[in-house]
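Here is what each chain is made of, one letter per residue.
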Amino acid sequence: MNIVVSACLLGVDCRYCGDNCKNEEILKLREEHTLIPVCPEQLGGLTTPRLPSERQGDLVIAKDGKDVTKAFQDGANQALYVSKLYECETAILKKNSPSCGFGVIYDGTFTGNKVPGDGVTAELFNQHGIRILNEDNFKEDI
Ligand code: SF4
């Protein structure tokens with residue numbers, strides 16, 4: 001099947017700090033599935049590297065205080081477009097991210113604290129019925 005995956009988990013240097021979080025176990029899924037990489041923050045027009053951002057309610061705020069909500073929303077819409085184009089019913093998304101995190105995200109204080117919540121893209125995927133897994137639990141369901 002086609003699975004949409006956070007690009008950083010596939011080794012793309014798209015994290016805010018310019019590196020990746022390559023996961024060899026996820027890459028192994030290529031033997032049986034087609035993996036579709038997306039980085040919503042890049043798709044939304046943000047640079048790499050970039051300042052870290054966190055959700056604060058309905059907004060997404062960069063560490064310098066700039067409101068980057070629109071870029072995050074644009075990126076989520078682009079990622080959804082790609083997912084639908086490839087008819088992906090399952091996503092493997094990076095935990096805790098303000099874009100890709102599902103169920104738990106950073107709390108908006110840039111202190112490393114986490115709270116229940118979804119990243120902007122994960123929230124949109126969930127609204128559209130895409131099953132969301134992460135780098136810790138994907139083996140249980142694929
Ligand atoms: Fe990875 Fe998602 Fe952040 Fe892009 S937006 S770097 S894919 S966690």
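As the structure is a prediction and not an experimental result, all values here were calculated from the model.

Student: Any chance you could explain the overall build of the protein chain here in plain terms?
Tutor: Looking only at helices and strands, the protein chain has five helices and eight strands in total. For 142 residues, the compact-globule estimate of 2.2 N^0.38 gives 14 Å, and the C-alpha radius of gyration of the protein chain, at 14 Å, lies within 12% of that figure. Its C-alpha atoms give the protein chain principal-axis dimensions of about 45 × 25 × 25 Å. Looking at the protein chain residue by residue over its 142 residues, the buried ones come to 45%. Across the protein chain, every contact between residues at least 6 apart in sequence was considered, and the portion connecting residues at least 24 apart equals 62%. Here the protein chain holds 15 positive side-chain charges and 21 negative ones, and the gap between their average locations is 3 Å.

Student: I would appreciate a short explanation of the pattern of salt bridges in the present structure.
Tutor: Side chains that differ in sign of charge can pair as their charged atoms come close. For the coordinates displayed, the defined rule picks out nine salt bridges. The residue K94 makes a salt bridge to E135 at a minimum N-O spacing of 3.0 Å. With K94 in the loop between β5 (90-92) and β6 (102-106) and E135 in the loop between β8 (131-133) and α5 (138-141), the pair connects residues that are 41 residues apart, well separated along the chain. When its relative accessible area of 15% is taken as the criterion, E135 is described as buried. Salt bridges sharing common partners tie together E25, K28 and K139.

Reading the values: rules and limits
- Residues numbered from 1 in each chain as written.
- Predicted model: local features only at pLDDT ≥ 70, side-chain atom pairs only at ≥ 80, totals over all residues.
- Heavy atoms only, no water.
- Helix = DSSP H or I, 4+ residues; strand = E, 2+ residues; numbered from the N terminus.
- Rg over C-alpha atoms; globule rule 2.2 N^0.38 Å.
- Buried < 20%, exposed > 50% of the residue type's maximum accessible area, 1.4 Å probe, protein only.
- Contact = heavy atoms within 4.5 Å.
- Lys, Arg positive; Asp, Glu negative; His and termini not counted.
- Charge placed at Lys NZ, Arg CZ, Asp CG, Glu CD.
- Salt bridge = Lys/Arg side-chain N within 4 Å of Asp/Glu carboxyl O.

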